[in-house]
Amino acid sequence: MADREKLISDASFGAPANAHKKKDSAGLPWCFASGFLLFWVLLFFAVVIPFFYRLPTALTIDDANNNQFIAQRAYKQLYSLSNIGLKMLGSNGNEIEAVQFLLKELNQIKEAALQDYFDMEIDLSQASGTFALKHSLRVYQGVQNIAVKLTPRNSSSESYLLVNSHFDSKPATPSAGDAGFMIVTMLEVLRIIATTKQTIQHPIVFLFNGAEEGALEGSHGFITQHKWASNCKAVVNLDAGGSGGREVLFQSGPNHPWLVNYYKKYIKYPFATTMAEEGFQSGTIPSDTDFRQFNKYGKLPGLDMAQCINGFVYHTKYDVIDIIPLESLQNTGDNILSLVRGLANATELHDTEAHEAGHAVFFDFLGLYFIHYSETTGIFINLAAAAAALIFVFLSMWRMSAVSHESFSIVAHSFIFILIIQTISCVLGLALPLIVAHVMDNWELSLTYYSSPLLLIGLYVSPSLIGLSLPLTIYFSFQHNAKISRSYQLQLALHGQAVVLAVLTIALTAYGLRTAYVLVIPLIFYVLALALNLLTTLHDRGFAWTGLLKVSQIVPFLYSSYLFYFFIVVLTPMGGRSFSSSNPDISIALLTAAGTIFSFGFLVPLINTFRRPSFVVLTLITATALTLYLASSTHIGFPYRAKTNGQRVAYLQVRNIFYEYDGTLSRDESGYLFNFQDRLKEKPLLGTSVNLTGLISLKSKCEQHMMCGMPLYDSTYVLNRHEAKWLPRLDPIEPPARTELSLLSKTIQNTTTVRFEFNLTGPPQMKLFIQPYEDVLLSNWSFLQIYLETPLVPPLPYFISFSYGIDRSPLHFFLEFTKPNGDFDVPLFQLGVSGHYIGHQGDAQSAKFASSFPPYAILEQWPALYQRFIF
């Protein structure tokens, strides 16, 4: 009678008694195990890579109609703009040639505009101002902006849409990608809207700003001073961190999810992720855009979009038009044209404050489809997915108990033990790549993948897969549990992965990270597969449940690998300019490991459905060992290549002159100040034709002198000064022009306060360092008072960066110092003044030195004069 009840019980679950144990007693041949993982690798290269780089067909002038973006026309404009060359703030290229080019193009568009439909105003303005940014105070004058307002005649709207990009450049780059690409995109978008009868509801302001690269001065000048600024209600900011490829949406809002709704509705080729937004806003991605100024000083919500592919040429002389495909312009042009038209008809622009509704979660899938929802909805989805995972795992365990005729506690005990193993697997999957990165760095072999990205597979992907597979493989090799079948135990391992993701999802959601959606995607698909397996009884038929599981993981695999590949593509070039104090391999290893875990987390345990899964682990170990050899002992691992993946070498041709309190000259030295931008510093240059004999650390000078007694150019020089190097030179460096500080007056204001007035003249980029002595307080000055009153962390001398555009008049300023005892006939403060002659090659000896660098070195260098005064 008992046997009969047992058979009935088994039949009720669609399987004969003990069938699940017999069917999984033998696995598939071992040779298929490596093939199983190889299939997913091939899927990545066959699907993810082509879709990641996919671009639309470019339209030519022959295809032209009045309602389409024509890439060829924009390309011709980009050719003319990039051929101007250097467009640094204050240079002739930026202040004269680029402005004249843009005004000519804009006037041609105005002549062709449909006068019955639109009014078009062109306004060339100058702006001067000051603001605090990072560790310095930025003071600018005569910055030129070209603003164009396109107003529909049939509209009375006083709410404007702002579209912005910049035409200036960094030193020594024609800036075809950053951001000439976006400038010509704006020109073509403006031309199309102005010359077609498709109406818009709100005026559009196209801002061609002439000063972004220094410190976002142009956008600050516009949003704080321009006559149209107060009417601008939202912004589409266009920039670049690379050249070519697709543009990515990496910032939205903030707190205006309706903007993402318009992105979904109007963008033809979506490319966006909340993870990039949170990474950028947290400072994890080290960059900045004009979006900061519009949001901070104008309270404008908006969308921040940028080119991001091929960051190796970003801010270098290789940022030329030749590497930009027409198709890339077509992709961005189609997107921006459609988006701008959509937002120019947005009813939300009438009252944007009424539509503040929290953040949004958004992402695209392979550029094919865009998904978005509110942060509140995201919290519900995250918690629901985590709860569903825990519930279905419980149901599965209960089912296992019933089918196996074992108590639930036995199944639970097995699950807890396997959960611990699976947690160890995840930790190892994350830790092993980080260990490899740390070891390579200790061997002074950072960035070996910089020019050979396929090395990432062996350096980080394989170790991560080893970590994911090894603990479970060892467990299955040594355990022989007769009570619970191997297939059930394998399911328990996958349940463990689901529980780990569920717990992390709950934790990240509680912490407020919208990026938790990345964990939810594989979790949801796993729950769906588990539910179907339970409903169809495949759950209990040996390894039959693996079929649905494999199919269900295709979408999560494609998305996770696509997402993390994007971040690796963006951050790898950044590693070449992240300076020597940080190890960029750690971030790349972490991203690669996370991408591997999310892509393969539910797949790697399935190697235990094959015979001899240890063969897969040995194969992965072999691949890692071989890659380490190639990276460390062959030219494949040398990071740099000429033109395509160069080493950024930033240095100044320095002349330092120190004057004492009585005006006597106490120091006059010359040399080259190196601010190495990568982890390897001078190592790749040793043994080449460049002579670095005598190169020393700057640390001792930093301990003796204010700001190291050097003309530190910007915050990167300041923050990295202890890692900088100094190469003395015997022959004095002759600056191409003078930088002159004139003391106009010294006036005692009262018994404790004295006032100094100065004039400063020199090149368009000049810096001031001010350091009062211990018993002296800098109590007032001509600049921004809040910067003076805010303590700097870490404590630093006051750092004022002054730059000018078309207005070359001297900087007139005053400084007031307070001293309790009123004795002003002694030294009160040090004042360092530096002039940076960007665009000048320097004297003959400096030019010869620059020419001795190897072809893969990308130089960013110019003469700089530093004078230290004591007053």
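Before any of the text, the structure's been laid out above.
Notes on the structure in this doc start here. (Residues numbered from 1 in each chain as written. Predicted model: local features only at pLDDT ≥ 70, side-chain atom pairs only at ≥ 80, totals over all residues. Heavy atoms only, no water.)

The helix and strand inventory of the protein chain stands at 24 helices and 21 strands. Counting only C-alpha atoms, the protein chain reaches 110 × 70 × 55 Å along its principal axes. By sequence separation, contacts in the protein chain at least 24 residues apart represent 82% of the contacts at least 6 residues apart. About 32900 Å² of surface is accessible on the protein chain, with carbon and sulfur atoms providing 60% of the total. Positive and negative side-chain charges of the protein chain, numbering 59 and 65 respectively, have mean locations separated by a distance of 9 Å. (Helix = DSSP H or I, 4+ residues; strand = E, 2+ residues; numbered from the N terminus. Contact = heavy atoms within 4.5 Å. Areas by Shrake-Rupley, 256 points an atom, 1.4 Å probe, with all protein chains shown as cover. Lys, Arg positive; Asp, Glu negative; His and termini not counted. Charge placed at Lys NZ, Arg CZ, Asp CG, Glu CD.)

Take the side chain of Q489 next. Assignment of secondary structure puts Q489 in helix α15 (residues 486–511). Judged by relative accessible area, Q489 falls into the buried class, the value being 0%. In this structure the side chain of Q489 is engaged in a polar contact, spanning 2.5 Å, whose partner is the side chain of Y475. There is a polar contact of 3.0 Å between the side chain of Q489 and the backbone oxygen of I484. (Buried < 20%, exposed > 50% of the residue type's maximum accessible area, 1.4 Å probe, protein only. Polar contact = N/O pair within 3.5 Å; in protein donor to acceptor, adjacent residues only side chain to side chain.)

This part takes up the sheet that holds strand β19 (residues 811–818). Strand pairing within a sheet occurs via backbone hydrogen bonds; the two strands may be parallel or antiparallel. Taken in spatial order, the 4 strands make up an open sheet running β14-β15-β19-β17, and their pairing is antiparallel. Whereas interior strands pair on both sides, the edge strands pair on one side only; in this sheet they are β14 (740–748) and β17 (777–781). Taken pair by pair, the neighbouring strands of this sheet meet at an average axis angle of 25°, ignoring direction. Bridging between strand β15 (residues 753–761) and β19 involves 8 bridges; their strand directions are antiparallel. (Pairing = 2+ DSSP bridges. Axes fitted to C-alpha atoms, helices over the stretch in contact; angles between N-to-C directions.)

What follows is about the pattern of salt bridges. Under the counting rule described, the total for this entry stands at 23 salt bridges. Among the salt bridges present, the one from E121 reaches K149, with a minimum N-O distance of 3.5 Å. With E121 in strand β1 (residues 118–133) and K149 in strand β2 (residues 136–152), this pair connects stretches of sequence that are 28 residues apart. Owing to a relative accessible area of 9%, K149 belongs among the buried residues under this scheme. Across the pair E669 and R667 runs a salt bridge, and its minimum N-O distance is 3.5 Å. Within this structure, R73, E188 and R191 form a network of salt bridges that share partners. (Salt bridge = Lys/Arg side-chain N within 4 Å of Asp/Glu carboxyl O.)

Here a disulfide denotes a covalent bond joining the sulfur atom of one cysteine to the sulfur atom of another. Using the criterion set out here, one finds 1 disulfide in the structure. Between the sulfur of C702 and that of C708 lies a disulfide, 2.0 Å long from S to S. Here the disulfide of C702 and C708 is right-handed, its torsion about the S-S bond being about 90°. (Disulfide = S-S within 2.5 Å.)

This paragraph deals with empty space enclosed by the protein. Applying the stated criterion across every chain yields a total of 3 cavities of 30 Å³ or more. Estimates place the volume of the largest cavity at around 50 Å³. Lining the largest cavity, in full, are Q491, L494, H495, Y526, A529, L530, N533, W545 and L549. Secondary structure elements with two or more residues in the lining of the largest cavity: α15, α16 (517–536) and α17 (545–552). No other element matches the 4 residues that α16 contributes to the lining of the largest cavity. Here the lining of the largest cavity is composed, by residue class, of 6 nonpolar, 3 polar and no charged. (1 Å grid on protein atoms, 1.4 Å probe; cavity = no way out; pocket = protein on both sides within 12 Å on 5 of 7 lines; lining within 4 Å. Points joined across faces, edges and corners; volume = space filled by probe spheres on them. Nonpolar A, V, L, I, M, F, W, Y, C, P; charged D, E, K, R; others polar.)

All right, on to the layout of surface pockets then. Each pocket or cavity is described by its volume, and for the second largest pocket that value is around 1200 Å³. F44, F45, L454, I457 and Y565 are the residues nearest the centre of the second largest pocket, which is lined by 45 residues in total. Those elements that place two or more of their residues in the lining of the second largest pocket are α3 (31–52), α14 (455–478), α18 (554–575), α19 (584–600) and α20 (614–633).

According to the stated counting rule, one finds 65 aromatic pairs in the structure shown. Each ring, one from Y517 and one from Y559, has its centre 6.1 Å from the other, and the planes form 55°; the classification is tilted. Remark: Y559 occurs in helix α18 and Y517 occurs in helix α16; sequence separation between them is 42 residues. Judged on exposure class, the residue Y517 and its partner Y559 are both buried. An angle of 90° between the planes, with centres 5.8 Å apart, marks the rings of Y651 and Y672 as edge-to-face. With Y651 in strand β10 (residues 647–659) and Y672 in strand β11 (residues 665–674), this residue pair connects regions lying 21 residues apart in the sequence. Taking relative accessible area as the criterion, Y651 reaches 0% and is therefore assigned buried. On the basis of relative accessible area, Y672 is assigned to the buried category, the value being 4%. Taking NZ or CZ as reference, R755 lies 3.6 Å from the ring centre of F814, over its face. Above the face of the Y713 ring, K767 is positioned so that its terminal group lies 4.4 Å from the ring centre. (Phe/Tyr/Trp six-rings, centres within 6.5 Å; stacked < 30°, edge-to-face > 60°. Lys NZ or Arg CZ within 6 Å of the ring centre and 35° of its normal.)

Trans peptide bonds make up most of the peptide bonds, and negative phi angles are found at most residues other than glycine. Omega for the bond connecting D178 with A179 falls within 30 degrees of zero, at -5°, which places this linkage in the cis form. Residue P254 is bonded to the preceding G253 through a cis peptide linkage, with omega at -5°. Along the chain, P254 falls in the loop between β6 (247–253) and α8 (258–266). In the Ramachandran plot, L216 falls in the positive-phi region, its phi being about 65° despite a non-glycine side chain. Along the chain, L216 turns up in the loop between β4 (204–209) and α7 (217–225). The exposure class assigned to L216 is buried, which follows from its relative accessible area of 4%. Non-glycine residue F579 carries a positive phi angle of around 70°. Using a relative accessible area of 15% as the deciding quantity, one classes F579 as buried.

Every buried residue of helix α24 (residues 844–851) is accounted for by S846, F849 and A850. Down the axis of α24, the buried side of the element spans an arc of 100°, and every buried residue falls inside it. Opposite its buried face, α24 presents the exposed residues A844, K848 and S851, each directed more than 90 degrees away. Contacts from the buried residues of α24 go to β10, β11, β13 (725–729) and β21 (857–870). (Arc of directions from axis to C-beta.)

So, on to the packing of α14 against α20. Interhelical geometry of α14 versus α20 gives an angle of 155° and a closest axis separation of 8 Å. It follows from the interaxial angle that α14 and α20 lie roughly antiparallel. α20 is crossed by α14, and the crossing has left-handed handedness. Contact with α14, carried on its side by L455, G458, L459, S462, P463, L465, I466, S469, L470 and T473, involves S614, V617, L620, I621, A623, T624, T627, L628, L630 and A631 of α20 and no other residues of that element. (Parallel < 35°, antiparallel > 145°, perpendicular 65-115°, else oblique. Left-handed = near helix turned anticlockwise from the far one by under 90°.)

Turning our attention to a nonpolar patch on the surface. Judged by side-chain polarity, L38, V41, L42, F45, L454 and I457 come together as a nonpolar surface patch covering roughly 530 Å² of accessible area. Per-element accounting of the nonpolar patch gives the leading share, 4 residues, to α3. Topologically, F45 is positioned in helix α3. Overall, the relative accessible area of 37% leaves F45 in the partly exposed class. (Patch = residues over 30% accessible without salt bridge, like charges linked within 9 Å, V, L, I, M, F, W, Y side chains within 5 Å.)

Here α14 crosses α15 at 155°, and the two axes come no closer than 12 Å. When the axis of α14 is compared with that of α15, the two are roughly antiparallel. The hand of the α14/α15 crossing is right-handed. Counting all contacts with α14, which are made through L472, Y475 and F476, the residues of α15 involved are R486, Q489, L490 and A493. Here the contact of α14 with α15 is built from residues that sort into 5 nonpolar, 1 polar and 1 charged.

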